[in-house]
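# Remarks on the overall topology
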Amino acid sequence: MGDSQLPSIHLEGTPRRQDYRAARDRLRGACGDFTLAGHPDDLPLGHAALDADAPTLAGPPATHYAYFLSDGSKEHALKLGINTVGRLSTNTVAIPDEHVSRRHCAIVIHQDGRIELHDVASKNGTLLNGQRIPAPSPLRAGDVITLCTRRVTVVARALCDPLDGLL
């Protein structure tokens, strides 16, 4: 059975294919149907998961955010649900670097505003703020993700409500 978002064809014939498939299944299991089927316009009013002072789990409504990964010269927009990061051009965030795995990691933005980093069986692992992640890890604005020698920073921007300014 094919997989349109996280295919494993790029690992055909390699021992890492089963590890990748297991990581993909864990990633999907962490999402839940509500996040996978969601749309950014359906986010609850005012989730504040990436506010530097906000708890990892969304608390009382405060502000809507748009999420990005910044590599210093460009910002890559992230969407609700699974965002893949790696050197393949079919990733949500493509990083053209031979040291980065084809599908290196994934960032999940949940409906409730939580955001998590998952390594998807990359060859060299994924680091969050200088530490290798052994399991899915919560993300916050300003966190630095390292993929071999490449670094990207998590950015969150408050969105304006055209009717009354900031929500």
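Look up: the structure comes first, before these words.
For the structure given in this document, a descriptive report is provided here. Note that this is a predicted model, so its numbers are computed, not measured. (Residues numbered from 1 in each chain as written. Predicted model: local features only at pLDDT ≥ 70, side-chain atom pairs only at ≥ 80, totals over all residues. Heavy atoms only, no water.)

### A short note on the sheet that holds strand β8 (residues 131–132)
Ordered by their spatial adjacency, 6 strands build an open sheet running β2-β1-β11-β10-β7-β8, and the pairing between neighbours is antiparallel. Here the strands that pair on one side only, and so sit at the sheet edges, are β2 (75–77) and β8. In the sheet, strand β7 (residues 127–128) pairs with strand β10 (residues 144–147) via 2 bridges, with the strands oriented antiparallel. From the neighbouring strand, L127 faces β10, where its bridge partner is T146. (Pairing = 2+ DSSP bridges. Helix = DSSP H or I, 4+ residues; strand = E, 2+ residues; numbered from the N terminus.)

### Description of the pairing of strand β5 (residues 105–109)
When you tally the buried positions in β5, you get 5 out of 5 residues, the bulk of the element. Where burial is concerned, the two faces of β5 agree: the one with C105, I107 and I109 and the one with A106 and V108 are both buried. In this sheet, β5 lies alongside strand β3 (residues 81–86) in antiparallel orientation, the contact comprising 5 bridges. Note that in β5 the partner of I82 across the bridge is V108. Pairing of β5 with strand β6 (residues 115–119) involves 5 bridges; the strand directions are antiparallel. Following the sheet pairing, V108 is matched in β6 by E116. (Buried < 20%, exposed > 50% of the residue type's maximum accessible area, 1.4 Å probe, protein only.)

### A short note on the sheet that holds β6
Read from one edge to the other, the open sheet built from 5 strands follows the order β4-β3-β5-β6-β9, with strand pairing classed as mixed. Here the strands that pair on one side only, and so sit at the sheet edges, are β4 (93–94) and β9 (137–138).

### Points about empty space enclosed by the protein
Under the definition given, this model contains 1 cavity of 30 Å³ or more. In this structure, the largest cavity occupies an estimated 30 Å³ of space. Considering the residues around the largest cavity, the lining is formed by D71, H76, V93, I95, R150, R151 and V152. Ranked by residues supplied to the lining of the largest cavity, first place goes to strand β11 (residues 150–158) with 3 residues. (1 Å grid on protein atoms, 1.4 Å probe; cavity = no way out; pocket = protein on both sides within 12 Å on 5 of 7 lines; lining within 4 Å. Points joined across faces, edges and corners; volume = space filled by probe spheres on them.)

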